[in-house]
Amino acid sequence: PIATIRLASDSIINPNVLHHPEKVKHFSEMINNETKRMNTQVEKVLQMALVEKTQFTLKKSKHFVHEMINKVLNNMKLQIESKHVNICFDYQASNDAIFTEEVHFLHMISNLIDNAIKYAKDKPEICITTKNIENLILIRIEDKGIGMSKDLSLIHISEPTRPY
């Protein structure tokens, strides 16, 4: 959220935007939305601090992976456009329903995409792939950046959905 807020606020003071109320409104709404998202993330960090002291249960519910990835990309739209990021999608998963805690999942996807942009050598290229493997969903976010260790590349963050 901080990167998007910074870019949106820089855009508002740009002379090409400053005298166009509809553009100022658009960027102001973006700042407002990202500030709300950042507030939610800060609250989650504080909640996670409680985990170390007490028992804490995540509130998991049914969500759809493709929809959540698209939500993250929409939230990062300004950052993606300003860095001229090329994103390809290969949504192969026919069942993208998962049982997870939404805010943490969105935060994880956002961090992976943000890092792919941040650590790109040249023009960022990101490919997002999903596919079903038995009763699981594989989410792959690939880029041409400096990379990360294989130990960190596979993370179990959800349980498969169960019939309701």
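Visitor: Describe the pairing of strand 3 (residues 97-100), and please don't skip the residues or the numbers.
Guide: Covered by surrounding structure in strand 3 are Ala97 and Phe99 together with Ile98 and Thr100, the residues of both alternating faces. The pairing of strand 1 (residues 61-64) with strand 3 spans four bridges and is antiparallel. Bridge pairing in strand 3 links Phe64 to Ala97.

Visitor: How would you sum up the nonpolar core? Please name residues and give values.
Guide: Within the largest apolar cluster, 22 residues are counted, with the highest numbers of intra-cluster contacts made by Ile109, Ile113, Ile126 and Ile128. Contributing elements (two or more residues each) for this core: helix 4 (65-75), helix 6 (102-118), strand 4 (125-133) and strand 5 (136-143). It is helix 6 that provides the largest number of residues to this core, a total of seven residues. Non-local contacts of Ile126, meaning those with residues more than four positions away in its chain, are made with Val85, Asn86, Ile87, Cys88, Ile113, Ala116, Ile117, Ile141, Glu142 and Asp143. Listed in part, the seven residues of the second largest apolar core include Leu7, Ala8, Ile12 and Met30.

Visitor: Residues and numbers for the environment of Asp143, please.
Guide: Its place among the elements puts Asp143 in strand 5. For Asp143, a relative accessible area of 35% gives the class partly exposed. The sequence separation of Asp143 and Pro124 amounts to 19 residues, and the corresponding C-alpha distance is 7.3 Å. Leaving out residues up to four positions away in the same chain, Asp143 has contacts with Ala116, Glu125 and Ile126.

Visitor: Residues and numbers for the environment of Asn39, please.
Guide: For Asn39, the location among the structural elements is in helix 3 (residues 21-53). Sequence separation between Asn39 and Pro1 is 38 residues, and the spatial gap between their C-alpha atoms is 9.6 Å.

Visitor: Give me the sheet that holds strand 4: which residues, what numbers.
Guide: Strand order in this open sheet of three strands is 2-4-5, and the pairing throughout is mixed. Each end of this open sheet is capped by a strand with a single partner; those strands are strand 2 (86-91) and strand 5. With direction set aside, neighbouring strand axes in the sheet form an average angle of 10°. Summarising the sheet, strand 2 and strand 4 pair through six bridges and their orientation is parallel. Among the inter-strand pairings, Cys88 is bridged to a residue of strand 4, identified as Cys127. Contacts from helix 4 reach strand 2, strand 4 and strand 5, with the element oriented near 170° to strand 2. Each of strand 4 and strand 5 is contacted by helix 6, which is oriented at about 25° to strand 5, the strand it contacts most.

Visitor: An account of helix 4 is requested, with residue identities and associated values reported.
Guide: What helix 4 keeps buried is the set Val65, His66, Met68, Ile69, Val72 and Leu73. Around the axis of helix 4, the buried residues are gathered within 165° of arc, so they sit on the same side. Opposite its buried face, helix 4 presents the exposed residues Glu67 and Asn74, each directed more than 90 degrees away.

Visitor: Quick rundown of unusual backbone geometry? Include the residues and the values.
Guide: Here His84, not a glycine, exhibits a phi torsion of approximately 55°, which is positive. Given the relative accessible area of 56%, His84 is considered exposed. The residue Glu134 is not glycine, and still its phi comes out positive at about 55°. Note on placement: Glu134 falls in the loop between strand 4 and strand 5. Given the relative accessible area of 80%, Glu134 is considered exposed.

Calculation notes
Residues numbered from 1 in each chain as written. Predicted model: local features only at pLDDT ≥ 70, side-chain atom pairs only at ≥ 80, totals over all residues. Heavy atoms only, no water. Buried < 20%, exposed > 50% of the residue type's maximum accessible area, 1.4 Å probe, protein only. Helix = DSSP H or I, 4+ residues; strand = E, 2+ residues; numbered from the N terminus. Pairing = 2+ DSSP bridges. Core = buried A, V, L, I, M, F, W, Y, C linked by side-chain atoms within 4.5 Å. Contact = heavy atoms within 4.5 Å. Axes fitted to C-alpha atoms, helices over the stretch in contact; angles between N-to-C directions. Arc of directions from axis to C-beta.

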